Amino acid sequence: QVRLVESGGGLVQAGGSLGLSCAASGRTFRTATMGWFRQAPGKEREFVAAINWSGGSTYEDSVKGRFTISRDNANNTVYLQLNSLKLEDTAVYYCATGSLVPRPRDRGEYDYWGPGTQVTVSS
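These numbers were taken from a predicted model, which means no experiment stands behind them.

Student: Please explain the overall build of the protein chain as it appears in this structure.
Tutor: The helix and strand tally for the protein chain stands at 0 helices and 11 strands. A compact globule built from 123 residues should have a C-alpha radius of gyration of about 14 Å, and the protein chain, at 13 Å, falls within 12% of that. Referenced to the eigenvectors of the C-alpha coordinate spread, the extents of the protein chain come out at roughly 40 × 25 × 25 Å. Within the protein chain, contacts between residues separated by at least 24 positions form 58% of all contacts whose residues are at least 6 apart in sequence. If you sum the accessible surface of the protein chain, you get close to 6,200 Å²; carbon and sulfur atoms cover 46% of it.

Student: Please clarify how the pattern of salt bridges should be interpreted in this entry.
Tutor: Once their charged atoms are close, side chains differing in charge can pair, the charge on each being opposite to the other. Taken as a whole and assessed by the stated rule, the structure comprises 6 salt bridges. Ionic pairing is found between K64 and D61, a salt bridge with its closest N-O pair at 3.2 Å. Taking relative accessible area as the criterion, K64 reaches 47% and is therefore assigned partly exposed. Linking E109 and R103 is a salt bridge whose minimum nitrogen-to-oxygen distance equals 2.6 Å. Overall, E109 belongs to the buried group, its relative accessible area being 11%. Here the salt bridges share partners, and the residues they tie into one network are R38, E46, R66 and D89.

Student: How do you make sense of unusual backbone geometry when you look at a structure like this?
Tutor: What is expected of a backbone is that most residues other than glycine have negative phi and most peptide bonds are trans. The backbone of N76 sits at a positive phi, close to 50°, despite the residue not being glycine. Considering the arrangement of structural elements, one finds N76 in the loop between β7 (67-72) and β8 (77-82). Using a relative accessible area of 26% as the deciding quantity, one classes N76 as partly exposed.

What counts, and where the lines are drawn
- Per chain, the residues get numbers from 1 upward, laid out in the order the sequence is written.
- Local features are withheld for residues below a pLDDT of 70 in this predicted model, meaning they are given only at 70 or higher, and side-chain atom pairs are given and counted only at 80 or more; totals for whole chains, interfaces and linings count all residues.
- The basis for every side-chain value is the complete set of non-hydrogen atoms in the structure, without hydrogens or water.
- A run of H or I in DSSP counts as a helix once it spans at least four residues, and a run of E counts as a strand once it spans at least two, with each numbered from the N terminus.
- The globule rule used for comparison is 2.2 Å times the number of residues to the exponent 0.38, while the radius of gyration itself is calculated over C-alpha atoms.
- Any two residues whose heavy atoms approach within 4.5 Å are treated as being in contact.
- All accessibility values rest on the Shrake-Rupley procedure with a 1.4 Å probe; residue burial counts only the protein chains present in the view.
- In what follows, salt bridge is the name for a side-chain nitrogen of Lys or Arg lying within 4 Å of a carboxyl oxygen of Asp or Glu.
- Only protein chains enter the area calculation, which uses a 1.4 Å probe; residues under 20% of their type maximum are buried, those over 50% are exposed, and those in between are partly exposed.

This is the structure we're talking about:
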């Protein structure tokens, strides 16, 4: 059984920063691709960023240059640093992982999801 738990969400003003964490347990974290997705009210869950076992990363275009994904294999944790936040970044942020993730932007590739953490950006 895989368990993912996100933390670090909160309320921040536009232009501010937040750091999200996702602690993983129950599988070989070191070789797993980890992804971050987000879901705003009334919208589909969308890809934000992903990182593979060797540290290679990919981002959704609207967050490139503002968000940074990283991982700490020793502590089974993946991070998402959110900088220069915008109102449209408001959403519940989820981390996810899967046994095999050839298309990390596709949420259907992921088998396990955390419960999510709320990020709210105010003006």
